[in-house]
Structure formats: C-alpha cells, structure tokens
Amino acid sequence: MKWNLRVQAAERGIWKSAELRRMLSDAGLEISVGKMSGLWTGTPTTIRLDDLDVICHVLDCSPTDLLVPEPEKVQARKPGARRSEEANGSTNLIAPRFGPKNDRPAPPL
C-alpha cells in the first residue's frame, strides 16, 4: 500500500504537518510530534482504525484516498514470481556471478 497523506493534505491546502496536527487535535485526535512526522514523511507500518477515521474526517476523504493499492508489489511477493517472469522473457532478472573464474555450471532454474 502507498500512503497518500501528503497528497490528500496538499489537495486541501494543508502544506505543513503542524497544521494538520492542529486540525486533528481540534477533531479530538492528539498525535505526538514524532508520530505526526512519521505519518507525514513516511508510510506507517500500522495505523489505528480510529485514528484513520479522524484523519479521513479532517481531510474529508475516504481510506481509499489515503491507502492506494500497489498490486505489482503483491505480485512480486508471490512464490515463483521470478520464475514466471523469466519464462515471460523479463530482462529484470539478475544473473548470478561466481567471481573471476566461471568454472561452475549455471544453477538450474
């Protein structure tokens, strides 16, 4: 998932995390400066649904505006995804290197 908080805030004219933090506080969600910085600059590993509800209320958006699916990342995590890519002719695979002498046969795929 891609965390889209800054884009949603910017679309509403909110350019600073302190401003959003104040608005969240006015709506009943007290967030520490450190936690607000993490929400503003990165992708949270977890977020409480109650907090998400208040953020959506303040930004007048839905969770799907803040959490953008990234299906290509899900596909890349599937077991065997590298083999299917190779079978499809993808050039994104990295060939193993065995050092200056390549006396060993290539590993089976």
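Read on for an overview of the structure. (Residues numbered from 1 in each chain as written. Predicted model: local features only at pLDDT ≥ 70, side-chain atom pairs only at ≥ 80, totals over all residues. Heavy atoms only, no water.)

**Thoughts on the pattern of salt bridges**
The criterion, for reference: A side-chain nitrogen of Lys or Arg and a carboxyl oxygen of Asp or Glu constitute a salt bridge if their distance falls within 4 Å. Residue burial is assigned from relative accessible area. The probe radius is 1.4 Å, only protein chains are included, and a residue is buried under 20% of its type maximum, exposed over 50%, and partly exposed in between.
Going through the model one piece at a time under the given rule, you end up with five salt bridges. For E11, the salt bridge identified is with R12, shortest N-O distance 3.8 Å. A residue is classified by how much of its surface remains accessible, and E11, at 57% relative accessible area, is exposed. With its nearest N and O atoms 3.4 Å apart, the salt bridge here joins D50 to R48. Accessibility classification places D50 together with R48 in one group, the exposed group.

**Considering helix α3 (residues 33–41)**
As a reminder, the rule being used: Note on conventions: DSSP H or I runs of at least 4 residues are helices, E runs of at least 2 residues are strands, and numbering of each starts at the N terminus. Within this analysis, the arc is defined by the directions that extend from the helix axis to the C-beta atoms.
Residues of α3 that are buried: M36, L39 and W40. Viewed end-on, α3 has its buried residues packed into an arc of 95°, placing them on one side of the element. Exposed and facing more than 90 degrees away from the buried side of α3 are G34 and T41.

**Things to note about the nonpolar core**
Using the following cut-off: The term nonpolar core refers to a set of buried residues drawn from Ala, Val, Leu, Ile, Met, Phe, Trp, Tyr and Cys, joined through side-chain atoms within 4.5 Å. In this analysis, two residues are considered to be in contact whenever any of their non-hydrogen atoms come within 4.5 Å of each other.
Membership of the largest hydrophobic core comes to 19 residues, with the highest contact counts inside it found for L5, L20, L24, I55, L59 and L66. Put simply, the parts of the chain that give this core at least two residues each are α1 (5–11), α2 (17–26), α3 and α4 (49–59). In terms of residues, this core owes the most to one element, α4, which gives six residues. Discounting chain neighbours no more than four positions away, the residues touching L5 are L20, M36, L39, W40, I55, L59 and L66.

**Remarks on the side chain of E70**
Structurally, the position occupied by E70 is in the loop between β2 (67–68) and α6 (71–77). E70 sits in the buried class, given a relative accessible area of 17%. With sequence-adjacent residues up to four places away left out, E70 is seen in contact with M1 and K2.

**Re unusual backbone geometry**
Peptide bonds are mostly trans, and most non-glycine residues show a negative phi. Positive phi outside glycine occurs at D60, with the angle close to 50°. On the secondary structure map, D60 appears in the loop between α4 and α5 (63–66).

**Brief notes about the packing of α2 against α3**
Packed helices, taken two at a time, are described by the angle their axes make and the gap between the axes. The criterion, for reference: Axes, fitted as lines to C-alpha atoms, cover a helix only where it is in contact. Angles between the N-to-C directions of the axes lie from 0 to 180 degrees. What makes a crossing left-handed is the near helix being turned counterclockwise from the far one by less than a right angle; a clockwise turn instead makes it right-handed. In the scheme used here, Gly and all other residues not listed as nonpolar or charged are polar, with Ala, Val, Leu, Ile, Met, Phe, Trp, Tyr, Cys and Pro taken as nonpolar and Asp, Glu, Lys and Arg as charged.
One way to put it is that α2 packs onto α3 with a least axis distance of 10 Å and a crossing angle of 115°. The interaxial crossing formed by α2 with α3 has right-handed handedness. Where α2 approaches α3, its residues S17, L20, R21 and L24 are matched on the opposing element by V33, M36 and W40. Across the contact of α2 with α3, the residue classes tally to five nonpolar, one polar and one charged.

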